[in-house]
Amino acid sequence: MPDIAQWRGWQWQGGDSARDLQDSVMTAQPLQPGDVLVRNAAIGLNPVDWKVLESQVGLVPGVDGAGTVVAVASDVDPAWLGARVAYHQSLRRNGSFAEYTPVAAQVLMRVPEAMDFASAAAFPCPALTAWQAITKLPLLPGAEVLIAGAGGSVGHFLVQLAHVRGFVVTTLSHPRHWDRLKALGAKRCVEDTEHNAEPRYFAAIDAVGPQHAASLADALLANGHLVCIQGRVEQWPCSPFGRAISLHEVALGALHTYGSAQQWQALTRQGEQLLAQLADGRLQSETLLQFPYEQLPRELQALQYRNFSGKQIIVL
């Protein structure tokens, strides 16, 4: 460990809103086996950060960060020292809302030299979630796919990934997002699904919520796919031997709890490829909205009542 005894972190001890996060002094602990210590340069804010606060009592929240590895555990390759990295942190550990974060080395993704840390911190949760969602679908170029809640961060990447795979993309979102989504590859943008219309979609990917996801089942063709990102559809939305759809859920947290080293290696390798595409312009990032560390609680609360476009980044 370098000579770092303490650092600042936003800790959750309960309260009525995200603005009740406490700017606390954290005491450094010996690194656990397999861990590294990252000096955060930027923190990405995500909806999950405020949605799970009640389960974070005593912890530093935050799943996304980017910075420099400043220490490694004895069993970790010392080549990580000094590396520029981005990461997605487990919700069961102290997170990215701090000057330093201990992270499992297996979740690290190297950041291209051409990319700034703010852009890297905006990447992990939304882009890797989008990747997991799109890979639930069999590759079928020309098939029509509906992406609901496409105006958010996950949808921003989903539209691009679906378009690259040859899917014909329709998005469901507020009209203020349409110009951006069409520029990313959406062929068609709508504000509401066509009720009572004939089914037309090979797949629907929903980033709104379980009830909304279930409501899209009637828009699917036979043997279609319904992917729910925000929560899960608890009750099967179609009658037996009807559409015969496949139902999918998406959760990065599953890998933190049940994932193998091989699965993490595959995900971080893909993440690094996507970061490279962001760096060279083949993949487009959201507009970044950057704020100082002291404004983190305010911006997290603003995200809960989101009525803006762009990705909030806290810069240290």
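Going by the structure above, here's the rest.
The structure contained in this document is the topic of the report that follows. (Residues numbered from 1 in each chain as written. Predicted model: local features only at pLDDT ≥ 70, side-chain atom pairs only at ≥ 80, totals over all residues. Heavy atoms only, no water.)

**Some remarks on the sheet that holds strand 10 (residues 188-190)**
Across a sheet, strands are paired by hydrogen bonds formed along the backbone, either parallel or antiparallel in direction. Strand order in the open sheet made by the 6 strands is 10-9-8-11-12-13, with parallel pairing throughout. A single partner strand is all that each edge strand has here, and the edge strands are strand 10 and strand 13 (246-249). The sheet shows a mean angle of 15° between the axes of neighbouring strands, taken without regard to direction. Looking at chain direction, strand 8 (residues 144-148) and strand 11 (residues 201-206) are connected through 4 bridges and run parallel. Counterpart to V145 in the pairing with strand 11 is A203. On the sheet, helix 4 (residues 153-164) packs against strand 8, strand 9 (168-172) and strand 11 and is oriented at approximately 165° with respect to strand 9. (Pairing = 2+ DSSP bridges. Helix = DSSP H or I, 4+ residues; strand = E, 2+ residues; numbered from the N terminus. Axes fitted to C-alpha atoms, helices over the stretch in contact; angles between N-to-C directions. Contact = heavy atoms within 4.5 Å.)

**Here we look at the layout of surface pockets**
Roughly 1,200 Å³ of internal volume is contained in the largest pocket. Taken together, 47 residues make up the lining of the largest pocket; nearest its centre are P47, V48, K51, I229 and Q230. Taken together, the residues that form the lining of the largest pocket break down as 20 nonpolar, 22 polar and 5 charged. Of the voids in this model, the second largest pocket is the one considered here, and its volume is about 290 Å³. For the second largest pocket, the lining is made up of 18 residues, of which W7, Q29, R93, N94 and P102 are closest to its centre. Listing elements by their share of the lining of the second largest pocket, those giving two or more residues are strand 2 (22-27) and strand 6 (100-104). With 3 residues, strand 6 is the single largest residue contributor to the lining of the second largest pocket. Split by residue class, the lining of the second largest pocket holds 9 nonpolar, 7 polar and 2 charged. (1 Å grid on protein atoms, 1.4 Å probe; cavity = no way out; pocket = protein on both sides within 12 Å on 5 of 7 lines; lining within 4 Å. Points joined across faces, edges and corners; volume = space filled by probe spheres on them. Nonpolar A, V, L, I, M, F, W, Y, C, P; charged D, E, K, R; others polar.)

**A short note on the environment of N94**
Secondary-structure assignment places N94 in the loop between strand 5 (84-88) and strand 6. Owing to a relative accessible area of 31%, N94 belongs among the partly exposed residues under this scheme. Spatially, the C-alpha atoms of N94 and V63 are 9.0 Å apart, while their sequence positions differ by 31 residues. In this view, N94 contacts M26, G58, L59, V60, Q89, T101 and P102; residues no more than four positions away in its chain are not counted. Polar contacts involving the side chain of N94 include one to the main-chain amide nitrogen of V60, which spans 2.9 Å. (Buried < 20%, exposed > 50% of the residue type's maximum accessible area, 1.4 Å probe, protein only. Polar contact = N/O pair within 3.5 Å; in protein donor to acceptor, adjacent residues only side chain to side chain.)

**Let's talk about the pattern of salt bridges**
Considering all chains together, one arrives at 9 salt bridges under this definition. We note a salt bridge from R8 to E294, for which the minimum N-O separation is 3.6 Å. Residue R8 is found in strand 1 (residues 6-11), and its partner E294 is found in the loop between strand 14 (288-292) and helix 9 (296-304); the two are separated by 286 residues along the sequence. Take R8: its relative accessible area is 30%, and that puts it in the partly exposed class. The shortest N-O distance in the salt bridge between R282 and D280 comes to 2.9 Å. (Salt bridge = Lys/Arg side-chain N within 4 Å of Asp/Glu carboxyl O.)

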